[in-house]
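Chain by chain, the residues run as shown.
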Amino acid sequence: MRAYQYNSASGQMELLDSAEAYSASFNGQIEIKTADLDGDGDSEIIAASAKFGAPNARIYDFTGGKLNMVKSFAAYGSNFRGGVRVVMGR
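Predicted model only: the values in this text are computed from it and were never measured.

What counts as what
As a convention, each chain's residues are numbered from 1 in the sequence order in which they are written. Only residues with pLDDT of at least 70 get local features here, since the model is predicted, and only at 80 or more are side-chain atom pairs given and counted; chain-wide, interface and lining totals rely on the full set of residues. Derived side-chain values reflect all non-hydrogen atoms in the structure, with water molecules and hydrogen atoms excluded from consideration. Strands are runs of DSSP state E lasting at least 2 residues, helices are runs of H or I lasting at least 4, and numbering of each runs from the N terminus. Exposure classes here rest on a 1.4 Å probe applied to the protein chains alone. A residue is buried below 20% of its type maximum, exposed above 50%, and partly exposed in between. Side-chain atoms alone can form a polar contact between residues adjacent in sequence; in general such a contact is a pair of N or O atoms within 3.5 Å, and within protein one must be able to donate a hydrogen while the other accepts it. In what follows, residue pairs with any heavy atoms lying within 4.5 Å of each other are defined as contacts. Here the aromatic set is Phe, Tyr and Trp, taking the six-membered ring for Trp, and pairing holds for ring centres within 6.5 Å; pairs whose planes are under 30 degrees apart are stacked, those over 60 apart are edge-to-face, and all others are tilted.

Undergrad: How would you sum up the overall build of the chain? Please name residues and give values.
TA: Broken down by element type, the chain carries 0 helices and 6 strands. Along the chain, helices (α) and strands (β) appear in the sequence β-β-β-β-β-β when read from the amino end. Taken along the three principal axes of its C-alpha coordinates, the chain extends 50 × 30 × 20 Å. Relative to its full complement of 90 residues, the chain shows a buried share of 26%.

Written as structure tokens, this is what we have:
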């Protein structure tokens, strides 16, 4: 994952930080969504292993100039291998 910021003076996107959502050995698909989960006005990033993966979901925020994992959980039982579909709404 990469966090960018638009620089209006240069008209360019600037890389702020990058992080691996899962270990480098993970070769499955990852579903990424963003939403303000804690109501602070800033979006968090939700990463989940897609179909055929374990039911792992991780939530990241951007604080102190870094992407930080703030929560990790299993969305289903540990033997489930159907992946996780992330849907955000109001």
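Undergrad: Describe the side chain of Glu44, with residues and values.
TA: Tracing the sequence through the fold places Glu44 in strand E4 (residues 44-49). In this structure Glu44 comes out as buried when scored by relative accessible area, which is 4%. At a separation of 2.7 Å, a polar atom in the side chain of Glu44 contacts the main-chain amide nitrogen of Leu37. Aside from chain neighbours lying at most four places away, what touches Glu44 is Lys33, Thr34, Ala35, Asp36, Leu37, Asp38, Ile59, Tyr60 and Asp61.

Undergrad: Which residues make up the side chain of Ser49, and what values do they have?
TA: Of note, Ser49 is situated in strand E4. Among the polar contacts made by the side chain of Ser49, one reaches the main-chain carbonyl oxygen of Ala54 at a distance of 2.3 Å. For Ser49, the contacting residues outside a window of four places in its chain are Tyr22, Phe26, Gln29, Ala54, Pro55, Asn56, Gly83 and Val84.

Undergrad: I'd like to hear about the packing of aromatic side chains, residue by residue, with values.
TA: Enumeration over the complete set of coordinates arrives at 2 aromatic pairs. Between the aromatic rings of Tyr22 and Phe26, the centroid separation amounts to 5.3 Å while the plane-to-plane angle is 35°, which identifies the pairing as tilted. Using a relative accessible area of 8% as the deciding quantity, one classes Tyr22 as buried. Judged by its relative accessible area of 30%, Phe26 falls in the partly exposed class. A ring pair is formed by Tyr76 and Phe80, whose centres lie 4.7 Å apart and whose planes are at 50°; its orientation type is tilted.

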